[in-house]
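Each chain is listed here by its residues.
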Amino acid sequence: MEGALVARDRVGIQDFVLLDSHTSENAFLDNLRKRYQENLIYTYIGTLLVSVNPYKELGIYTVKQMEQYKGVNFFELPPHIYAIADNAYRVMCTEYNNHFILISGESGAGKTEASKKILQYFAMTCPTTEQLQVVRDRLLLSNPVLEAFGNAKTLRNDNSSRFGKYMDIQFDFKGAPVGGHILSYLIEKSRVVYQNPGERNFHIFYQLLEGGEEDLLHDLGLERNPQKYMYLIQGHCAKVSSINDRSDWRTVHKAFTVIDFKARDLENLFGVIASVLHLGNIQFEEDSNGHAIITTGSQIKWISKLLGVHLSILQEALTHRKIEARFEEVLSPLDVDLAFYARDAVAKAIYGRTFTWLVNKINSSLANKDLTRKTVIGLLDIYGFEVFETNSFEQFCINYCNEKLQQLLIEMTLKAEQEEYELEGIEWEPIPYFNNKIICDLVEEKHKGIISILDEECLRPGEATDLSFLEKLEEKVGDHAHFVTRKLADQKTRKSIDWVDFRLLHYAGEVTYCTVGFLEKNNDLLYRNLKEVLCRSKNGILRECFHLSELDNRRRPETVATQFKNSLASLIDILMSKEPSYIRCIKPNDDKAADKFDDSLIRHQVKYLGLMEHLRVRRAGFAYRRKYEHFLQRYKSLCPDTWPYWQGTAAKGVEKLIKHIGYKPEEYKMGKTKIFIRFPRTLFATEDAFEFRKNRLVSRIQAKYKGCLGKREFQKMREAAIKLESCWRGVLARKLAKKRMWAAQTIRKGFIHRKQPLNRNNKDFVRLVQYTYLMKLRDHIPKNVLDKSWLKPPEIMQETSEFLRKICTRNLVRKYCRGITAQKKAQMEEKVIASGIFCGKKAGYAQSLNEPFLETRVKVRYVTPVVKYDRNGFKPRERLLVLTRVAAYVVEMAKIKQRIEYATLRGNIPAVLGALPDSVSCFQGDAILQCEHFFETVTKLCILAHKQNVSVVQGSLQFQISSGKEGTMVFTTGQDAQVYKAKNGQLTVVSPLQ
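This is a predicted model, so every value here is computed, not measured.

Chemist: Explanation requested: the confidence of the model for the protein chain in the structure shown.
Modeler: Detailed reading of the predicted model is not advised wherever pLDDT is low. Taken over all residues, the pLDDT of the protein chain has a mean of 83, while the share at 70 or more is 93%. In this model, residues 1-6 is a region of pLDDT below 50 whose contacts with residues beyond four sequence positions or in other chains number 24 contacts. Predicted confidence for residues 908-923 stays below pLDDT 50, and this span has 59 contacts to residues more than four positions away or in other chains.

This is the structure:
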């Protein structure tokens, strides 16, 4: 659960207890809306589950999901109905005690579906055998049967449960489901005879007409068209697009087989259902005396046949009432209104008791005959708080039931909280809450409560009416703070209450009840003579439901309200003996539309379900609690002392951890086995820090893991490569061996027959010899015409070799001839002429043949203008410096003034920019030269003279004027470049400033 706190701003918080604004209804709705918009329909309030009906398939009820929640800690995974079921099952198995799961909510909120999901979870995850499989199937298929007979379409829900159901699932010591037992409460019998517009009767009537076989309908005297039956058309919606009656009939029929209904049972059951439909079509009219008589004969005959009663007796019972005098019984004719009342009373009575029989029949099929002790998990699928425009006797009973269950919820929650605090050694702080016992007492208190007053009014002699009942209420409970009538209300409130209404201030809000029909519905009387007819019925079901002993009992039967109060008290006793779990179902909108969140409707349900009150009780102490082991296991990475392994006890580890995190003393308490955190923000901060730390750890783990995967992949690829290489080398070796074997055999065979003419035996050998010789010859072809070498050919290639040699020679000659230039041709022509002149006439001619004649013998490599300074007086003179291959020349006007041999050259190069003298030593003295391209000239000179060790001097330089006479050259800088003879006789060279 803690992991989901990271995304709390987007998807809300999984547990309302962790809301900072836990007293704000708006914050509650906002969190619920966020989760609903993300298709997260489940949210916790502690261990209570809030479920919002999505009105669409979400794919969260798969077998995989069931396996995921099986055996997992309650808060470890996101909220889910499977978590509630699994937690109840695990605690039951480990502690060997009984549990119950209370599912409540208004019609259409998804209570029935929730109970189905829990049953499916137990069926799929509990251990089972072939014998237990039968019990499991019966548990699952009891739902379709009970829904067919106890559910109906209402304005708010197409499959609304019109009765309360408590089912005990029995488990053996191994945790396997071995049986079950069902209790039903307050079936809405009035629906059999009347439905509000837009509503239907119970599903079974429509399923029978739509899906029943033709023979069955014929035997029951029914037609397929539901419009033919008065009890089915009052809501004007016999056909509903969202309900497939034919498919549901097949499911129910299959369930009857699995639950072990005998053919005779089904015949009697369908006979009762058909009788109810026929009863609805019986019409009465007045005779001349104002007495009621039956106008339709066919319907009464079918009822007589199906119920197995005498026709005349049944007719008399429907039109007369037996009144007991002191010593005799008198039949009193009924008027039309009373006859219709009697007809409807019979229909309600036989349907109500048949439903009870059906529940008992299912119980007998689920009963476990083994008398060893069993543990149970109870499922209570009960109607939620109901508030309509007009609230009648049924809503009064339903809301009274919810008051009792709310009282139980608060008491058990407080008790559980207090027990946990005491168990953990934490001081209990009293929690203020609204105790609705005062409302429960107003309804059920003996002699003073509303139910007692209602019973008293029903039983008293004289003419009792709904108004007299209201007056009695004003008289006896008028001063109660939670009771208001129009007469007792103030001026402002009086406008919203009618004269026949009273208002109760329930824990969930105000509800106004209309007293019209209260006495009639509470009495639920069936005339004695009608009861006698039913007791003597030949229909097996009615015979079991209506006992003759009832006729001997002269005491007035208990009223409906008293029966309900007693059964509710019994239910509360059952629940008090078990460990509780709660599911509160919410309907998001009245349109049954997916993704539509109606704030006002949901706010209304949050209020009537008491969710804010429950949240306030849960948050009065500490918002979060967790066992030390779980807390340390999750957050130990936040403290260096506890990460990665903690050696001490979990409690000491948590203490060390929260000290490192920096919890303040008022933010937490340390219990014996748990840590209690008071504020959600403390947990949020811890979770955010853990998320940051987790990302870093995950990055490191991912890096390591990727490295491991890479290494593993590399090793795998390396092994594969080695294997492939090995296999490929084997393939190559085998190919080579095969090739060599073939070659050896070919050569051997060819060598033996080599001197024979070309034939099949020596053909390959000869070709190999030819190929080998030609490939070798390719690398030994002569490169010029003077090269007379040639690779010696094998005997069989002599002729071919000679032919190739001639071609090669011709090719070389042609190539040589084409490569002769015009200059070379002229030289060769000169050689021819020279040969004519000197050949045989002049000694040494033969030695000159190899040396070609040149155009000129003077080879100038470099020429540059220079300035030469005389040795006497340093007069400048313009000259050319000519560098040849063998010497340097100083030339004036094509006249060589001086030859300088490279071998005698020595030089000093002064580092003065612009003045570039070169000193050359010989017996005449040093030559002083100045040139513009100093570096180029010196470089050329060094290259031609093959001298690289030229020294560069600065400041001054001594040079030879003549043999035995020296001069000095001084280098300096100035504004302008100049060379002149100084007064002291020295040659001064001035370079410009840089």
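Chemist: What is the right way to look at the sheet that holds strand 28 (residues 956-962) in this model?
Modeler: Within a beta sheet, neighbouring strands are joined by backbone hydrogen bonds and run either parallel or antiparallel to one another. Strand order in this open sheet of four strands is 28-29-31-30, and the pairing throughout is mixed. The strands lining the two open edges of the sheet, one partner per strand, are strand 28 and strand 30 (978-981). Across the sheet, the mean angle from the axis of one strand to that of its neighbour is 25°, orientation sign disregarded.

Chemist: Mind showing me how you'd approach the packing of aromatic side chains here?
Modeler: The description of an aromatic ring pair rests on the distance of the ring centres and on the angle between the ring planes. Going through the model one piece at a time under the given rule, you end up with 30 aromatic pairs. When the ring of Phe396 is compared with that of Tyr513, the centres are 5.7 Å apart and the planes differ by 85°; the resulting orientation is edge-to-face. In this pair, Phe396 is assigned in helix 15 (residues 393-424) and Tyr513 in strand 15 (residues 509-514), connecting sequence segments 117 residues apart. Each of the two residues, Phe396 as well as Tyr513, counts as buried. Members of the aromatic cluster, joined through ring pairs, are Phe393, Phe396, Phe469, Phe483, Phe502, Tyr513 and Phe518. Lying over the aromatic face of Tyr206, Arg200 brings its terminal NZ or CZ to 3.9 Å of the ring centre.

Chemist: Whenever I open this one, the sheet that holds strand 17 (residues 624-627) confuses me. Can you help?
Modeler: What the three strands build is an open sheet, ordered 17-19-18; its pairing is antiparallel. Each edge of the open sheet is held by one strand with a lone partner, namely strand 17 and strand 18 (668-670). Neighbouring strand axes in the sheet, compared pairwise and without regard to direction, differ in orientation by 15° on average. Bridge count between strand 18 and strand 19 (residues 674-677): three bridges; the pairing is antiparallel. Paired with Met670 across the strands is Ile675, a residue of strand 19. Contacts between helix 27 (residues 628-635) and the sheet are confined to strand 17, strand 18 and strand 19, with strand 17 contributing the most and set at about 95° to the helix.

Chemist: Sorry, what's going on with the pairing of strand 14 (residues 501-506) here?
Modeler: Within a regular strand, the side chains alternate between the two sheet faces. The buried fraction of strand 14 is high, at five of six residues. As paired strands, strand 13 (residues 483-485) and strand 14 are joined by three bridges and run antiparallel to one another. Following the sheet pairing, Val484 is matched in strand 14 by Arg503. For strand 14 and strand 15, the ladder comprises six bridges, and the chain directions are antiparallel. Following the sheet pairing, His506 is matched in strand 15 by Gly509. Linkage of strand 14 to strand 15, two consecutive antiparallel strands, is achieved through a turn of two residues.

Chemist: Would you take a moment to explain the environment of Ile41 for this structure?
Modeler: With respect to the secondary-structure elements, Ile41 resides in the loop between helix 2 (25-37) and strand 1 (42-45). In the structure, Ile41 is positioned 259 residues away from Ile300 in sequence and 52 Å away in space, judged by C-alpha atoms. Filtering out sequence-adjacent residues up to four positions away, Ile41 remains in contact with Val50, Ser51, Val52, Pro54, Leu58, Ile60 and Tyr61.

Analysis parameters
- Residues numbered from 1 in each chain as written.
- Predicted model: local features only at pLDDT ≥ 70, side-chain atom pairs only at ≥ 80, totals over all residues.
- Heavy atoms only, no water.
- pLDDT = per-residue confidence, 0-100.
- Contact = heavy atoms within 4.5 Å.
- Pairing = 2+ DSSP bridges.
- Helix = DSSP H or I, 4+ residues; strand = E, 2+ residues; numbered from the N terminus.
- Axes fitted to C-alpha atoms, helices over the stretch in contact; angles between N-to-C directions.
- Phe/Tyr/Trp six-rings, centres within 6.5 Å; stacked < 30°, edge-to-face > 60°.
- Buried < 20%, exposed > 50% of the residue type's maximum accessible area, 1.4 Å probe, protein only.
- Lys NZ or Arg CZ within 6 Å of the ring centre and 35° of its normal.

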